Amino acid sequence: MKSMKIFLFLMCGSLILSTAVSAHKVNIFAYVESGIIYTESYFPDGRAVEKGKVQIYDSQDNLIQEGTTDNEGLCSFEIPKVDELTIVIDASMGHRNSFVLSKDEVEAGQ
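My aim in this report is to walk through the structure given alongside it, one point at a time.

Notes on the pattern of salt bridges
Turning to step 1, where the next piece is worked out: A complete count under the given rule lists four salt bridges for this structure.
Turning to step 2, where the next piece is worked out: We note a salt bridge from Arg-47 to Asp-45, for which the minimum N-O separation is 2.8 Å.
Turning to step 3, where the next piece is worked out: Of the residues examined, Arg-47 reaches a relative accessible area of 49% and is grouped as partly exposed.
Turning to step 4, where the next piece is worked out: Asp-90 is the partner of Arg-96 in a salt bridge, and the nearest nitrogen-oxygen pair spans 3.8 Å.
Turning to step 5, where the next piece is worked out: Residue Arg-96 is classed as partly exposed on the basis of its relative accessible area of 47%.

Notes on a nonpolar patch on the surface
Turning to step 1, where the next piece is worked out: Taken together, Phe-29, Tyr-31 and Tyr-38 make up a surface patch of nonpolar side chains, about 280 Å² in accessible area.
Turning to step 2, where the next piece is worked out: Mapped onto the secondary structure, Tyr-31 falls in strand S1 (residues 27–33).
Turning to step 3, where the next piece is worked out: Judged by relative accessible area, Tyr-31 falls into the partly exposed class, the value being 38%.

Here is what the cut-offs are and how they apply
- Residues numbered from 1 in each chain as written.
- Predicted model: local features only at pLDDT ≥ 70, side-chain atom pairs only at ≥ 80, totals over all residues.
- Heavy atoms only, no water.
- Salt bridge = Lys/Arg side-chain N within 4 Å of Asp/Glu carboxyl O.
- Buried < 20%, exposed > 50% of the residue type's maximum accessible area, 1.4 Å probe, protein only.
- Patch = residues over 30% accessible without salt bridge, like charges linked within 9 Å, V, L, I, M, F, W, Y side chains within 5 Å.
- Areas by Shrake-Rupley, 256 points an atom, 1.4 Å probe, with all protein chains shown as cover.
- Helix = DSSP H or I, 4+ residues; strand = E, 2+ residues; numbered from the N terminus.

Scope: geometric values only; no functional claims are made or implied.
As structure tokens, then:
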């Protein structure tokens with residue numbers, strides 16, 4: 001009986017922890033077309049990230065461009081550099097994620 005109580009306690013703790021972790025999740029998707037990088041950012045419930053800070057880093061982790069999402073969670077940039085690019089969304093309050101565009105994807109999208 002004691003081991004069952006411990007098991008239930010651990011399961012409840014895991015559920016609470018996983019809920020807290022997913023509460024800070026945000027999604028970002030990016031693609032390149034005709035020389036423009038398009039991004040879309042949204043929360044797991046489908047709500048758009050409004051006024052989220054979008055940053056683009058090159059393969060050397062240099063910040064090379066910044067922007068802000070609109071009311072639909074969209075943000076776009078002219079290709080700043082042909083390189084592997086990491087695009088980061090900061091939606092405040094710990095909501096942060098990134099998306100990597102390979103150098104080949106960037107080059108193909110010019």
